[in-house]
Amino acid sequence: MLRSALVCTLAGLTAVNAIATISAKGPKFFTSEGDQFYVKGIAYQLLPDDPLVDTTQCTLDASLMKTIGTNSIRVYHVNPNADHTGCMSAFADAGIYIWVDLDTFNTTIWQDEPKWTSTQFDAFAEVLDEFQQFDNTAGFFIGNEVINTPAGSKAAPYVKAAVRDMKAYRNSKNYRSIPIGYSAADIASLRPMLQDYFVCGDDADALEFFSLNAYSWCGQSSYEQSGYSMLEANSTELQVPIFMSETGCNAVRPRDFADQNALFGDMADTWSGSIIYEWIEEENNYGLISYGGKIDPASPSAPADGFVRSGTPTPIVPDFANLSNVWKTLNPTGVKKNAYNPTATAPKCPDFTSVAWEVDASAALPTMGQVGPVSSRASASSTASRSGSASGSGSASSTATSTGSQTAASATATQGAAPGSLSRELKGVGAALAGVMAFFAWL
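Residues numbered from 1 in each chain as written. Predicted model: local features only at pLDDT ≥ 70, side-chain atom pairs only at ≥ 80, totals over all residues. Heavy atoms only, no water.

Let's talk about unusual backbone geometry
Part 1: In this structure, the amide linkage connecting Tyr277 to the following residue, Glu278, adopts the cis form with an omega of 0 degrees.
Part 2: Between Val317 and the following residue, Pro318, the backbone shows a cis peptide bond with an omega angle of 0 degrees.
Part 3: Along the chain, the position of Pro318 falls in the loop between strand E14 (314-315) and helix H9 (319-327).
Part 4: Phi angles above zero are rare outside glycine, and Ser301 is one such case at about 65 degrees.
Part 5: Turning to its location among the elements, Ser301 is positioned in the loop between strand E13 (289-290) and E14.
Part 6: We classify Ser301 as exposed; its relative accessible area is 68%. (Helix = DSSP H or I, 4+ residues; strand = E, 2+ residues; numbered from the N terminus. Buried < 20%, exposed > 50% of the residue type's maximum accessible area, 1.4 Å probe, protein only.)

Digging into the side chain of Asp319
Part 1: Topologically, Asp319 is positioned in helix H9.
Part 2: Side-chain polar atoms of Asp319 contact the side chain of Arg253, separated by 3.2 Å.
Part 3: Contact partners of Asp319, with chain neighbours within four places excluded, come to Arg253, Pro254, Arg255, Phe257 and Leu288. (Polar contact = N/O pair within 3.5 Å; in protein donor to acceptor, adjacent residues only side chain to side chain. Contact = heavy atoms within 4.5 Å.)

Comments concerning the environment of Gly139
Part 1: Along the chain, the position of Gly139 falls in strand E8 (residues 137-144).
Part 2: The spacing of Gly139 and Ile22 is 117 residues in sequence and 8.1 Å in space, taken between C-alpha atoms.
Part 3: Sequence-distant contacts of Gly139, defined by excluding residues within four places in its chain, comprise Ile98, Trp99, Val100, Ile178, Pro179 and Phe209.

As for the layout of surface pockets
Part 1: Here the largest pocket defines a volume of roughly 240 Å³.
Part 2: The wall of the largest pocket is formed by 15 residues, among which Ala24, Asp203, Leu207, Glu208 and Val240 lie closest to the centre.
Part 3: Taken together, the elements giving at least two residues each to the lining of the largest pocket come down to strand E1 (22-25) and helix H5 (156-172).
Part 4: In the lining of the largest pocket, the residues fall into 6 nonpolar, 5 polar and 4 charged. (1 Å grid on protein atoms, 1.4 Å probe; cavity = no way out; pocket = protein on both sides within 12 Å on 5 of 7 lines; lining within 4 Å. Points joined across faces, edges and corners; volume = space filled by probe spheres on them. Nonpolar A, V, L, I, M, F, W, Y, C, P; charged D, E, K, R; others polar.)

A few points about the side chain of Gln45
Part 1: Position of Gln45 among the secondary structure elements: in the loop between strand E4 (39-43) and helix H2 (55-67).
Part 2: The exposure class assigned to Gln45 is buried, which follows from its relative accessible area of 1%.
Part 3: Among the polar contacts listed, one links the side chain of Gln45 to the backbone oxygen of Leu47, at a separation of 2.9 Å.

Things to note about the packing of aromatic side chains
Part 1: Following the criterion strictly, the structure yields 25 aromatic pairs and no others.
Part 2: Here Phe30 and Tyr340 contribute two aromatic rings whose centre-to-centre distance is 5.7 Å and whose plane-to-plane angle is 45 degrees, an arrangement assigned as tilted. Of this pair, Phe30 sits in strand E2 (residues 28-31) while Tyr340 sits in the loop between H9 and strand E15 (370-371), placing them 310 residues apart in sequence.
Part 3: Classification of Phe30 as buried rests on a relative accessible area of 0%.
Part 4: For Tyr340, a relative accessible area of 14% translates into the label buried.
Part 5: Between Tyr44 and Phe91 the ring centres are 5.6 Å apart and the planes differ by 80 degrees, which places this aromatic pair in the edge-to-face class. (Phe/Tyr/Trp six-rings, centres within 6.5 Å; stacked < 30°, edge-to-face > 60°.)

Some words on the sheet that holds E2
Part 1: On the basis of which strands lie adjacent, the open sheet formed by 3 strands has the order E1-E2-E3 and antiparallel pairing. Every other strand in the sheet has two partners, leaving E1 and strand E3 (36-37) as the edge strands with one partner each.
Part 2: Where E1 and E2 come together, 4 bridges link them in antiparallel fashion. When the sheet's bridge partners are listed, Ile22 is paired in E2 with Thr31. (Pairing = 2+ DSSP bridges.)

Some thoughts on the packing of helix H4 (residues 118-131) against H5
Part 1: The contact between H4 and H5 brings their axes to 11 Å, and the two run at 45 degrees. Between H4 and H5, the interaxial angle falls into the category oblique. Our pair here, H4 against H5, has a crossing hand that is right-handed. Contacts between H4 and H5 involve Phe121, Phe124, Ala125, Leu128 and Asp129 on the former and, on the latter, Asp165, Met166, Tyr169 and Arg170. (Axes fitted to C-alpha atoms, helices over the stretch in contact; angles between N-to-C directions. Parallel < 35°, antiparallel > 145°, perpendicular 65-115°, else oblique. Left-handed = near helix turned anticlockwise from the far one by under 90°.)

Topic: the pairing of strand E9 (residues 180-185)
Part 1: Burial of E9 is extensive: 6 of the 6 residues sit out of reach of the surface.
Part 2: Pairing of E8 with E9, which is carried by 3 bridges, proceeds in the parallel orientation. Across the sheet, residue Asn144 finds its bridge partner in E9, namely Ser183.
Part 3: Note that the unit made of E8, H5 and E9 has a crossover that is right-handed.
Part 4: For E9 and strand E10 (residues 209-213), the ladder comprises 5 bridges, and the chain directions are parallel. Across the sheet, residue Ala185 finds its bridge partner in E10, namely Asn213.
Part 5: Since E9 and E10 lie parallel, the crossover through helix H6 (residues 191-199) that links them has a hand, and here it is right-handed. (Right-handed = clockwise from strand over helix to strand, strands pointing away.)

So, in structure tokens, the structure goes:
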């Protein structure tokens, strides 16, 4: 009996690890087999705490994802003390990698009250400890849209301090060098400074990838109108990989995902793919699948928002097929790792600019336990972000409402954003937290 149990355990571990690992070399990702890696991902957060604990559900979802060429999912919140072996194996068997956010609901760095404490460090480390063991863990996000106002830029050193300490911790434990990066809001007035600040200076403090939550390509847009041409121009000299950590505007229905042609075409020499928001259909209408549609929230055992969160995934028509049809035509091969010799170097750190970028790059990064100044100018948008971040589907969903990713960002997002996108974001923010609390009560 003991031998049988051991054999089953080892078989499970083998299944999880039977996949090439991902690493960064200069501004590109590569597999351990030497092939360049492009992210074809989907945001995946069925439940607020952790979507990677139900092996049966993960297997059903991974099987359907595989049919359209998905190779990645992004998970915003996990419980590091849960057993993730079954789900990670299911996704590995389907050739799917996981991009995991390190923060939890109560450990996020906030722009209005920035701090980096031992409590946050320990919580981040627990997530890193749990997921570093799986070969299909592709990367970790140190934060998601922490900064979305100029006043909030004062929090940037705290995010960078977290990067410094988590990279040092990973290396001290002799873990695989799983890339650690950041997911930024698409705010044109902040993006250049934010991007450069997080990769400038000492390499020990720098991000290992940068990503963007961008919803500016809507309907019959174009490479120029959407602002993607500017995104490309502003990232050609970046010395770390860059990709879309959320995309998929739904202001025009149905979604045609035409932006993927640019990301995997004209931009493929610089950008490393994208993550489509999102897997499950909720009130925000971003879903690619549903588990039977919406039911009466008052019915027995129903989820608080009425959206069933488990079962056989059924594709949303025609969005699921539209994404499939686009992705199947886009397969850039890139370059081989052994033939690639990157030359890009770290940029100059951005200068302090009052009411635009309030960071002195020459100052030492915060030490563990340091608390920053409270910023009243950042508090309004940060409060809105907190409401969205407590959702079941990460930054962009605000559960049963609208995407928090563009809250306070759409007004200054990449040129070409769909009209009305800001109002779409703001009208659901007030109800977000209440909906989440009701959902927790249902659980």
